[in-house]
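Take a look at the letters that make up each chain.
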Amino acid sequence: MIVIGTDTHKKTHTCGAVNALTAAARDELTVPARKHSFGKLLVWARKLDPERVWAIEDCRHVSGSLERFLIARGERIVRVAPKHMADARRSSRERGKSDSIDAFSVARAALKEGIENLPSAHLDGAALDIRLLVDHREDLIHSRTADQQRLRWHLHDLWPELEIPAGALDTAKWLGTVARRLGRTPKTARVRIARELVREIAARTTRIRELEAELAALVESYAPRLLAERGCGPLTAAKLIGEIAGADRFATDAKLARTSGTAPIPASSGNTQRHRLDRGGNRQLNCALHRLAVNKGTWDPDAAAYLARKQAEGQSRKEALRCLKRHLARRVWRILKASPPIAIPPGTIPAVDALPTREPVTGSAPYFMPCTR
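Quick look at the structure, then. (Residues numbered from 1 in each chain as written. Predicted model: local features only at pLDDT ≥ 70, side-chain atom pairs only at ≥ 80, totals over all residues. Heavy atoms only, no water.)

## Points about the pairing of strand β2 (residues 12–19)
With respect to burial, β2 is a largely interior element, six of its eight residues being buried. Here strand β1 (residues 2–8) pairs with β2 via seven bridges, running antiparallel. The residue of β2 that forms the bridge with threonine 8 is histidine 13. In textbook terms, the turn of a hairpin is the stretch between consecutive antiparallel strands, and for β1 and β2 this stretch comprises three residues. Taking the residues between adjacent antiparallel strands as the criterion, β2 and strand β3 (residues 25–32) are bridged by five residues, where alanine 23 takes a positive phi near 65°. (Buried < 20%, exposed > 50% of the residue type's maximum accessible area, 1.4 Å probe, protein only. Helix = DSSP H or I, 4+ residues; strand = E, 2+ residues; numbered from the N terminus. Pairing = 2+ DSSP bridges.)

The following block contains the structure:
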């Protein structure tokens, strides 16, 4: 078998094939990063070896077109995290940096980590749509926040006595109040800019709320059982679905936990047995699991009891939440694996009792019983 490492860029894609047993270089090829050139890569790879795995550095937008092309034609792809590439470049025997060197480094990094231990890439259009809408909503929020900060400085310069509460510029009431006051003020350059900022903030707020409603309907259709989890709202569920990008990519919940950074890292030596916090992994996915853990600790009696038990054992609140996040990674993985996307009319969430139940997993005990709203 060969492993084909791919160094992707906006203009070109460079591939380097290595032997899976010896990591020796077999061949390399560079093609333009255009769809009509992807076929050349596929023909080249098929001539090298009938059994092959593509290892692509996880660069999302740069590598997305190539991934979709290869997956649609039955090729197996694993994603190599950028942090693995940093270690591979430092330990490489070949000095310097080039697209060819990086391509072979990607392949050897995949072999070092183990092909079976890396998340696979596969087509999941619904999850991709959810992730794109979540990212777009977050971009709009960041842009709105920047506009709100500029508007506050302009308003302070105009009326230092005007006090606007924190978060008030998200509401139609305060935006209307500010717009009316600006409308009665002489039309200086500062006033015109402030009025334009008010219109931009109002438009972005409307679009953000429309996206939230659209995401709620998509999540309801994709994973109703996840949405039925107590403490898991539509936005948290959408973030989990978009960042996981298909639970089938992960053979076990442990691999998902490692990818999300919720699995502790062994740090033992001699007679000292301990684990430390993993600060790596997908931090967006880790953040979504953290929000879910905090919400469950507040609204779910079973999760609250679990946290209290961990704290009674001498752990801090943060340490107890980390333990809960590891359990939630398992729970979310099982829900998404057992609940394929269901087409249901928007606006109706099925009752938990009406949904198909999961089969018990042999050899592992649930950390708390399934809960309803």
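## Quick notes on unusual backbone geometry
The backbone phi angle of alanine 23 is positive, close to 65°, even though this residue is not glycine. Alanine 23 gets classed as partly exposed once you look at its relative accessible area, which sits at 24%. Despite not being glycine, alanine 245 shows a phi value in the positive range, around 55°. As for its placement among the helices and strands, alanine 245 is situated in the loop between α9 (234–244) and α10 (253–260). The exposure class assigned to alanine 245 is buried, which follows from its relative accessible area of 15%.

## Considerations on the side chain of aspartate 147
Within the secondary structure, aspartate 147 is located in helix α5 (residues 125–158). For aspartate 147, a relative accessible area of 6% puts it in the buried group. Residues contacting aspartate 147, with those up to four places away along its chain left out, are Leu197, Glu200, Ile201 and Arg204. (Contact = heavy atoms within 4.5 Å.)

## Section: the packing of aromatic side chains
The final tally for this structure, using the stated rule, is one aromatic pair. Sitting over the ring of phenylalanine 69, arginine 73 keeps its end group 3.7 Å from the ring centre. Over the ring of tryptophan 159 we find arginine 181; its NZ or CZ atom is 4.5 Å from the centre of that ring. (Phe/Tyr/Trp six-rings, centres within 6.5 Å; stacked < 30°, edge-to-face > 60°. Lys NZ or Arg CZ within 6 Å of the ring centre and 35° of its normal.)

## Let's talk about the packing of helix α12 (residues 301–312) against helix α13 (residues 317–338)
At their nearest, the axes of α12 and α13 sit 9 Å apart, and the two run at 130° to each other. Here α12 lies oblique to α13, going by the angle between them. Where α12 crosses over α13, the two elements pack in a sense that is right-handed. Residues Ala303, Tyr306, Leu307, Lys310 and Gln311 of α12 pack against Arg317, Ala320, Leu321, Cys323, Leu324 and His327 of α13. (Axes fitted to C-alpha atoms, helices over the stretch in contact; angles between N-to-C directions. Parallel < 35°, antiparallel > 145°, perpendicular 65-115°, else oblique. Left-handed = near helix turned anticlockwise from the far one by under 90°.)

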